[in-house]
Amino acid sequence: MMPAIDLKDPFAPKDVCRVLLKRRLIGKEQAKMLLQRQPQVEEKLTRENRKRMASFGLKVSNPITFVDVVAHIGPMRSDGKPGSLEEDVIYQALAAEWEIPYQKIDPLKLDLNVVTTTVPRNFAMKHLVLPIEIKNSTLIVATPNPHNMEVLDDITRVTSMRVAAVVSSKTDILKLIDEFFGFKRSIAAAEDLFSGSSIDLGNLEQYVRL
């Protein structure tokens, strides 16, 4: 059975700290420090996020979560492993707690059409969802928040497919949405440029995809 969580706020600061403490990724003093610094760091990240999302042509920005705050502060790991606590490690810990698979996305294994034609770019960017594959008639969607059932239900209605979520980091998803939809626009521009010529555009797309 999935552990009890607040579906309205799966990134509630105390819950995230509880998971990180449980898995010995931070200590009690670090948890206290993170909670104390949250307001100032969250305000700073919110300003930066608005500018970044505006650069993507979006008026609505993704909300900053406590995971963003922890990853930005980057406290040293308390589990004996070297380095600071990175975003991927935090999401791996949360995914394990939620009993939902975590997936580090390999862009070389993604299908351009699955990523770019399943949901619109603005929807993907706003809701942080990335379709990554179709497996056994089920659309696998990567997202930092697998508990946003309204968004997953919307994708089900639009695609008429079953939808299953895996957890991936917010940074990876934003980066891949930007790269793959930008890639799609480049291919469309190439098709316009060479339309009417003898170039095999199917092969051109295959070449660019490789």
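Scope of this entry: the structure provided in the associated data block. (Residues numbered from 1 in each chain as written. Predicted model: local features only at pLDDT ≥ 70, side-chain atom pairs only at ≥ 80, totals over all residues. Heavy atoms only, no water.)

## Notes on the environment of L25
So the rule is basically this: Helix and strand assignments come from DSSP, with helices taken as H or I runs of at least 4 residues and strands as E runs of at least 2, each series counted from the N terminus. Only protein chains enter the accessibility calculation, which uses a 1.4 Å probe; a residue whose area is less than 20% of its type maximum is buried, one above 50% is exposed, and one in between is partly exposed. We call two residues in contact when some of their heavy atoms are within 4.5 Å.
Locating L25 in the fold gives a position in the loop between α1 (13-22) and α2 (28-55). The exposure class assigned to L25 is buried, which follows from its relative accessible area of 6%. Here the alpha-carbon distance between L25 and G80, two residues 55 residues apart in the chain, equals 8.7 Å. Once you skip the residues sitting within four places of it in the chain, L25 turns out to touch L20, Q30, M76, R77, S78, D79, L85, V89 and A93.

## A short note on α1
Note the following rule: Working note: the arc is built from the helix axis to C-beta atom directions.
Taken as a whole, α1 has its buried residues at P13, V16, C17, V19 and L20. With its buried residues spanning 160 degrees around the axis, α1 presents them on a single face. Exposed and facing more than 90 degrees away from the buried side of α1 are K14 and K22. Looking at the buried positions of α1, the neighbouring elements they touch are α2, α3 (66-73) and α4 (87-98).

## Some remarks on the nonpolar core
Rules: Only buried Ala, Val, Leu, Ile, Met, Phe, Trp, Tyr and Cys residues count toward a nonpolar core, and they belong to the same one when joined by side-chain atoms within 4.5 Å.
Counting residues in hydrophobic clusters, the biggest one holds 27 residues, and the most contacted among them are L20, L85 and L94. The set of elements that each furnish at least two residues to this core consists of α1, α2, α3 and α4. The greatest single-element share of this core, amounting to 7 residues, is contributed by α4. Discounting residues that sit within four places of it in the chain, L85 has contacts with L20, L25, I26, V70, A71, G74, P75, R77 and I90. The next biggest cluster of nonpolar side chains, apart from the first, holds 26 residues, and it includes M53, L110, V141 and F180.

## Comments concerning α2
Because each turn of an α-helix spans 3.6 residues, side chains separated by three or four positions end up pointing in the same direction. Note the following rule: Working rule for helices: expected span equals 1.5 Å times residues minus one. Two axes are fitted around each residue, one to the seven residues ending there and one to the seven starting there, and the angle between them is reported as the bend at that residue.
Given a rise of 1.5 Å per residue, 28 residues ought to cover 40 Å, and the 38 Å separating the end C-alpha atoms of α2 matches this to within 8%. The largest bend along α2 measures about 50 degrees and falls at Q38, with the proline P39 one to four residues further on. For α2, the complete set of buried residues consists of Q30, A31, L34, Q38, V41, L45, N49 and M53. Those residues of α2 that are buried are in contact with α1, α3 and α6 (121-127).

## Details of the pairing of strand β3 (residues 162-167)
We apply this condition: Pairing between two strands is assigned when DSSP locates at least 2 bridges connecting them. With its strands directed away from the observer, a crossover is right-handed exactly when the path from the first strand over the helix to the second travels clockwise.
Across 6 bridges, the pairing between strand β2 (residues 138-143) and β3 is parallel. Looking across to β3, one finds that T143 is bridged to V167. Considered for its hand, the β-α-β crossover made up of β2, helix α7 (residues 149-159) and β3 is right-handed.

## Looking at the packing of α2 against α3
The relative placement of two packed helices comes down to the angle between their axes together with the axis-to-axis distance. Keep this limit in mind: In this description, a line fitted to the C-alpha atoms serves as the axis of each element, helices being fitted only across the stretch in contact, and the angle between N-to-C directions of two axes falls anywhere from 0 to 180 degrees. When an angle is under 35 degrees it counts as roughly parallel; over 145 it counts as roughly antiparallel; between 65 and 115 it counts as roughly perpendicular; any other value is oblique. Ten residue types, Ala, Val, Leu, Ile, Met, Phe, Trp, Tyr, Cys and Pro, are classed as nonpolar, four, Asp, Glu, Lys and Arg, as charged, and the remainder, Gly among them, as polar.
Here α2 crosses α3 at 100 degrees, and the two axes come no closer than 9 Å. In terms of orientation, α2 lies roughly perpendicular with respect to α3. In this structure, α2 contributes M33, L34, L35, R37, Q38, V41, E42, K44 and L45 to the contact, and α3 contributes F66, D68, V69, V70, H72 and I73. Along the lines of polarity and charge, the residues of the contact of α2 with α3 split into 9 nonpolar, 2 polar and 4 charged.

Take it as geometry only, folks, not as evidence of what the structure does.
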